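Okay, here's what each chain looks like letter by letter:
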Amino acid sequence: MTERPPAAPRVRRFPLPPWRQVFRLGTPTDIWLKPAISTVVTAGALNLTLIGLGRLDLAIYTMAGALCALYGHELPYPARARTLAGVAAGTLLSTAVALTAASLSHSVAVLVAVGAVLAALHKLVCEAARVGPPGALIVTFTSVTCAFTPQRLAELPAHLALTALGAAVAWLVCMAPALVRPFGPERILTARALDAAARLLSGEPAQRPAARTALAAAVNAARRSLTGTRASIAGPRRRHTADALERLLVRAESSLASTDPDPRTATRYRQWARDLRGDRPLPVLDPTPVLDPAQATATDEAPLPVPPPSRWHALRPGSPLLPIGLRVALGCAAAGWASAALGIGRPGWAVITAASVFQASAALSWQRAIQRVLGNLLGLLLFTALLPVSRSGQLALVLLALVGHFAAEATITRNYWLATTFVTPLALMMTEFGHYQPARDMVADRWLDTCLGALAGLAACLLVTNRRTATRLDRALAEVGTATEAARASTSRATAATVRARLSHALVDLRDSTDIAVGEWRQPALPRTRITEAEQEGHRHLAALLGHGGVHRGGHEPVPACP
């Protein structure tokens, strides 16, 4: 009897997201008001000044810098200052390249190529540098818009100076709250960790695995912010505040070891979180040890978060980011060239739409394309309805644009299609800052370019597969295994905190890697059994290191793995 040949590994098809997930409205984040107000204040100050000077046509250059006010609001102020400065420098450099290309060439094909390359570079750099929301899209929007704005070389220095002015105002507006609430971001991140702990302690058994991973991620993010802040602060009062926040984090982290619901503790954690967000006095904790005596008496010995790899480590050969950069370049170029070939008046819009489609995986890109098309359709209807008001004068136009800024930031975390409903009329109004344009042509061009950009983006996802997500998943599995072995071998209280931080970080990275790999296609089937076992074993040893919930070495209660 001949042996059967081994079965070929299953290959996943193009993943389609559930329709409910595409259109479902989420809850707004706890800081949505901060970028909304910062952008309105920055853009309002600049645009109203330009109206007073009679030069609203220059707003396209100041807005390129002003939109930097959207970045960095989840970061502590020392890190925010650096991030905003980096985004401003990148914006200024990209604007310089775009304006130079516009002044040297009138070829649409060349300008589309420049825009596509800039979009790909923005995506790679923002992802590698972990800039955070809103990511590369805003810088791509401003630079591609500038690339399709007629220029003369002699005007470049003045226009770039206006961009730098806008970025400087954005930096000042975003950093101003540090004068009255210097620990505001750290308080919010700690509150998120406490809320995540409350969800774990009060959730149903089926929800506890996902809640456990969410808590680990929240604790890691908060502790990393506190570590960076502690290195830059001076003075006993500020150090006392940092120590108090660390103690709250320790309490939240202790919930990872829980095996049973605890509604009373969950209620207490929610109240503490409300106190932190409301800028009320920090909760006073009793000196009872939470994780171990060392941490209960000296928060300086709290576990240090595992430092992330070098920012440019993500751009090494073999990185899963590189195929995404190739997708962006090909998709944006194809969208712009197709728009020009069909005679549509604004190919830059097609480039921007294609750039907005690309996410961490093919499934997320497909979801974003649907949301973009729906949001643009609704936004065009809204723009048409607002035409009588927007064209009643420059002041009305600017005020409506500011309302659009606020509405977009208020809804972006609920669902992308809802935010795009306000972004679309905002973008069209900004186009009219220089002069009014035929509304029918603008609406038609925007709709056609949106459809072309979305189709080109999806086509690029189909053509360029990202098999490197599987490599990242393998590395994450290996790291969880190594961290689990270190936790199993840990017997010293002095090393337990560091081992615990490493294992927690590894488990979060494994979940992120799995979620991204699930969304890719033409890939071997995921090793779901290995992933489940690795997460289960890792959470068991993490609970053992925490030393709560009756968990002991050699006889762990099973902690469910994330699905």
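In this text the structure is predicted, and so the values were computed from the model without any measurement. (Residues numbered from 1 in each chain as written. Predicted model: local features only at pLDDT ≥ 70, side-chain atom pairs only at ≥ 80, totals over all residues. Heavy atoms only, no water.)

With that settled, consider the overall build of the protein. Helix and strand counts for the protein stand at 21 helices and 0 strands. Considering the protein as a whole, with its 563 residues, one finds that 53% of them fall into the buried category. Within the protein, contacts between residues separated by at least 24 positions form 80% of all contacts whose residues are at least 6 apart in sequence. Summing over all exposed atoms, the protein offers an accessible surface of approximately 25,300 Å²; the carbon and sulfur share of this is 64%. (Helix = DSSP H or I, 4+ residues; strand = E, 2+ residues; numbered from the N terminus. Buried < 20%, exposed > 50% of the residue type's maximum accessible area, 1.4 Å probe, protein only. Contact = heavy atoms within 4.5 Å. Areas by Shrake-Rupley, 256 points an atom, 1.4 Å probe, with all protein chains shown as cover.)

A few words now on unusual backbone geometry. A cis amide bond links Pro-133 to the next residue, Pro-134, at an omega of 5 degrees. Its identity as a non-glycine residue notwithstanding, Arg-130 has a phi of 55 degrees, on the positive side. As for its position among the elements, Arg-130 is in the loop between helix 5 (108–128) and helix 6 (137–147).

For the rest of this paragraph, the subject is the packing of aromatic side chains. This structure, assessed with the given rule, holds 2 aromatic pairs. Summarising the aromatic geometry, the rings of Trp-32 and Phe-406 are spaced 5.6 Å apart at their centres and angled 75 degrees between planes, so their arrangement reads as edge-to-face. Remark: Phe-406 occurs in helix 16 (residues 394–411) and Trp-32 occurs in the loop between helix 1 (19–23) and helix 2 (33–53); sequence separation between them is 374 residues. Judged by relative accessible area, which is 33%, Phe-406 ranks as partly exposed. (Phe/Tyr/Trp six-rings, centres within 6.5 Å; stacked < 30°, edge-to-face > 60°.)

It is worth spelling out the side chain of Arg-368 at this point. Structurally, Arg-368 is set in helix 15 (residues 362–390). For the buried Arg-368, no salt bridge exists, and the shortest N-O distance to an oppositely charged side chain is 9.6 Å, to Glu-127. If we skip the residues at most four places from it in the chain, Arg-368 touches Ser-356, Val-357, Gln-359 and Tyr-416. (Lys, Arg positive; Asp, Glu negative; His and termini not counted. Salt bridge = Lys/Arg side-chain N within 4 Å of Asp/Glu carboxyl O.)

Turning our eyes to something else, we now look at the side chain of Thr-353. By secondary structure assignment, the location of Thr-353 is in helix 14 (residues 347–357). Here Thr-353 falls in the buried class, since its relative accessible area comes to 1%. If sequence neighbours within four positions are ignored, Thr-353 has contacts with Arg-372, Asp-449, Thr-450, Gly-453 and Ala-454.

Moving on, we come to a nonpolar patch on the surface. On the surface, Leu-33, Ile-37, Val-41 and Phe-406 cluster together into a nonpolar patch covering about 310 Å² of accessible area. The topology assignment puts Val-41 in helix 2. With relative accessibility at 42%, the residue Val-41 sits in the partly exposed group. (Patch = residues over 30% accessible without salt bridge, like charges linked within 9 Å, V, L, I, M, F, W, Y side chains within 5 Å.)

In this model, helix 11 (residues 263–277) (15 residues) spans 21 Å end to end at C-alpha, consistent with the 21 Å of a helix rising 1.5 Å per residue. Looking at helix 11, one finds that the buried residues are Thr-265, Ala-266, Tyr-269, Trp-272, Ala-273, Asp-275 and Leu-276. Positioned one or two residues after helix 11, Asp-279 has a phi angle of 60 degrees, which is positive. (Expected span 1.5 Å × (residues − 1).)

Over its 16 residues, helix 17 (residues 416–431) extends 22 Å from the first C-alpha to the last, a length consistent with the 22 Å expected when each residue adds 1.5 Å. When the local axis directions of helix 17 are compared, the greatest deviation, roughly 25 degrees, occurs at Phe-422, which is followed within four positions by the proline Pro-425. Burial within helix 17 is extensive, with 13 of its 16 residues counted as buried. Measuring from the backbone nitrogen of Trp-417 back to the side-chain oxygen at the start of helix 17 gives 3.1 Å, which picks out Asn-415 as the cap. (Bend = angle between axes of the 7 residues up to and from the residue. Polar contact = N/O pair within 3.5 Å; in protein donor to acceptor, adjacent residues only side chain to side chain.)

Looking at where Leu-448 falls in the secondary structure, it is placed in helix 18 (residues 439–463). We classify Leu-448 as partly exposed; its relative accessible area is 42%. C-alpha of Leu-448 to C-alpha of Leu-342: the two residues are 106 residues apart in sequence and 9.8 Å apart in space.

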